[in-house]
Amino acid sequence: MALIVHKYGGTSMGSTERIRNVALRVAKWQRAGHQMVVVPSAMSGETNRLLALAKELAPASASSAYERELDQLAATGEQASSALLAIALQAQGLEAVSYCGWQVPIRTNSAYTKARIEAIDDARIQADLAAGRVVIITGFQGVDAGGNITTLGRGGSDTSAVAVAAAIGAHECLIYTDVDGVYTTDPRVVPEARRLPRVSFEEMLEMASMGSKVLQIRSVEFAGKYRMPIRVLSSFTPWDIDLNTEAQSGTLITFEDEQTMEQAVVSGIAFNRDEAKITVLGVPDRPGIAYQILGAVAEANVEVDVIIQNISKEGKTDFSFTVHRNDYAKTLELLRSQVLPKLGAAEVLGDARICKVSIVGIGMRSHVGVASRMFRCLSEEGINIQMISTSEIKTSVVIDEKYMELAVRALHREFDLDQPADSLKS
């Protein structure tokens, strides 16, 4: 017997028929002797519908009080789907109980709409499992120290599931979604993309941070920190597929293994369209300038990605960084109204028509010249690189958005990602 956590995305919960299929699948695992905890998302489209209603009634300017009510509202989507799944499992003759995040409780900080999990009390979950029940816990939400409902940001059900799995000591966390695993890149952009049978936490963390939408980045951070294996697999396979086959399907995200000789140099190509670049021109080149710019941005709860500071000339420098496109206008306004007057900088420029393309792979550690291959490949396609960011296992470039698909396809070919995994070149 193993303790297993299943997480189901919104498309998997999109109708009563799909919820019934989820219940049949969970029942199969339960009857095979496993203890089961399930974390469902809201039904497909429900969160968007609720937030659209709020937008129609929203005050002229956002406030913490408004964001509190957004969380109060959005959390109801997962509450409904969890209760429906419990009912469907009861119809299968199983004992099942659903809990909201605040009932477990899942403790978070008070950053409404972007809360972070601080602790999970698993006593109630363990008691129900010991009694033979299937436990269903709302994804995406928790409760702060003041008793207010909080949500974890879009995709937060992945984080909920992995955090719950870590808290209860689960054997594995299975993330059921509308794709059958993690691919070398998005198959919609590169039809030749291959499914990867196994990916390390480090690689998946880089791919998620660079734009891969398969898993929310915070869920991968949790998994790596607590060494919780995740398996990404499809919820659209028949529910009665052989359990052993299902348990080995998809992509396993786990610890780095020692098979470095057979490890591809690059495992995948990630990309992100949701980037915007901001440049502060004519910044005085003195200690503390980066903090004066980015500190104000951080206080506004805006996440910064790639950062570049040019070489100083005549005591002035240019400072560029990227933010999520949703935060672009907010950040420009902040810099122009509050930061620029204090700095004495010349001007703030912005470009919302850029994207980020990244190559990721543990094999990059033991191979030299990988970045130069990337730069040469893009050069041969006539693609200009605006910014570069590197880590031990990834290289990212910021380019004009119109060249994104061309860049992804060219890099996929350059690093032989369309070849079978066991097809090693001499």
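This text goes with the structure placed above it.
Residues numbered from 1 in each chain as written. Predicted model: local features only at pLDDT ≥ 70, side-chain atom pairs only at ≥ 80, totals over all residues. Heavy atoms only, no water.

Draft legend 1. The sheet that holds strand β6 (residues 134-137), seen in detail. Across the sheet, which stays open at both edges, the eight strands sit in the order β3-β6-β2-β1-β9-β13-β14-β12 with mixed pairing between neighbours. Strands at the two margins of the open sheet, each flanked by one partner only, are β3 (96-99) and β12 (198-200). Direction aside, the axes of adjacent strands within the sheet are offset by 20° on average. Here three bridges tie β12 to strand β14 (residues 251-254), and the two strands are oriented parallel to one another. Pairing of S200 across the sheet is with T254, part of β14. Against the sheet, helix α6 (residues 201-209) contacts β12 and β14, and its axis sits at roughly 85° relative to β12. (Pairing = 2+ DSSP bridges. Helix = DSSP H or I, 4+ residues; strand = E, 2+ residues; numbered from the N terminus. Axes fitted to C-alpha atoms, helices over the stretch in contact; angles between N-to-C directions. Contact = heavy atoms within 4.5 Å.)

Draft legend 2. Just the sheet that holds strand β15 (residues 268-284), in detail. The strand order β16-β17-β15-β18-β20-β19 describes an open sheet built from six strands, whose pairing is antiparallel. At either margin of the open sheet sits one strand with a lone partner, and together these are β16 (304-309) and β19 (387-391). Across the sheet, the mean angle separating the axes of adjacent strands is 30° when strand polarity is ignored. Examined bridge by bridge, β16 and strand β17 (residues 316-324) share four bridges and lie antiparallel to one another. Residue pairing for β17: I307 is matched across the bridge by F321.

Draft legend 3. The pairing of β14, seen in detail. Going residue by residue along β14, you find T251 and I253 tucked away on one face and L252 and T254 tucked away on the opposite face as well. As paired elements, strand β13 (residues 230-234) and β14 share three bridges and run antiparallel to each other. Across the sheet, residue V232 finds its bridge partner in β14, namely T251. (Buried < 20%, exposed > 50% of the residue type's maximum accessible area, 1.4 Å probe, protein only.)

Draft legend 4. Region of the structure containing the pattern of salt bridges. Summed over all chains, the structure comprises 21 salt bridges. Of the charged contacts, one joins R413 and E381 as a salt bridge, the two residues approaching to 3.8 Å between their closest N and O atoms. Of this pair, R413 sits in helix α12 (residues 404-414) while E381 sits in the loop between α11 (370-380) and β19, and the two are 32 residues apart along the sequence. For E381, a relative accessible area of 31% gives the class partly exposed. (Salt bridge = Lys/Arg side-chain N within 4 Å of Asp/Glu carboxyl O.)

Draft legend 5. Molecular detail of the nonpolar core. Residues V5, V37 and I125 are the most contacted members of the largest nonpolar core, which totals 40 residues. If one sorts the elements of this core by residue count, helix α5 (residues 156-168) sits on top with six residues. Filtering out sequence-adjacent residues up to four positions away, V5 remains in contact with V37, V39, A161, A165, I168, A170, E172, C173 and L174. Of all hydrophobic cores here, the second largest spans 25 residues; its members include V22, M36, V38 and V134. (Core = buried A, V, L, I, M, F, W, Y, C linked by side-chain atoms within 4.5 Å.)

Draft legend 6. A look at helix α2 (residues 46-57). Relative to the 16 Å expected for 12 residues at 1.5 Å per residue, α2 spans 17 Å between its end C-alpha atoms, a close match to the ideal helical length. What α2 keeps buried is the set T47, L50 and A54. Within α2, the buried residues cover an arc of 70° as seen down the axis, which keeps them to one side. Facing away from the buried side of α2 by more than 90 degrees, the exposed set consists of K55 and E56. In this structure, the buried side of α2 is in contact with α3 (64-91). (Expected span 1.5 Å × (residues − 1). Arc of directions from axis to C-beta.)

Draft legend 7. Geometry of the pairing of strand β1 (residues 3-8). Among the six residues of β1, six are classified as buried, and the element is accordingly described as predominantly covered. Burial along β1 is two-sided: L3, V5 and K7 facing one way and I4, H6 and Y8 facing the other are all buried. In the sheet, β1 pairs with strand β2 (residues 35-40) via six bridges, with the strands oriented parallel. Within the sheet, the bridge partner assigned to Y8 lies in β2 and is P40. Here β1 pairs with strand β9 (residues 172-177) via five bridges, running parallel. Each residue of the ladder has a partner; that of H6, found in β9, is L174.

Draft legend 8. Spotlight on the side chain of T150. Topologically, T150 is positioned in strand β8 (residues 149-151). Taking relative accessible area as the criterion, T150 reaches 0% and is therefore assigned buried. In terms of polar contacts, T150 uses its side chain to reach the side chain of T108, at 2.6 Å. (Polar contact = N/O pair within 3.5 Å; in protein donor to acceptor, adjacent residues only side chain to side chain.)

Draft legend 9. Structural context of the packing of α11 against α12. Between α11 and α12, the least distance of the axes is 10 Å, while the angle of their chain directions is 130°. One way to sum up the angle between α11 and α12 is to call them oblique. The crossing of α11 and α12 is right-handed. Two secondary-structure elements touch here, α11 through R373, M374, R376, C377 and L378 and α12 through A407, A410, L411 and E414. (Parallel < 35°, antiparallel > 145°, perpendicular 65-115°, else oblique. Left-handed = near helix turned anticlockwise from the far one by under 90°.)

Function-wise, these values are silent; they only describe arrangement.
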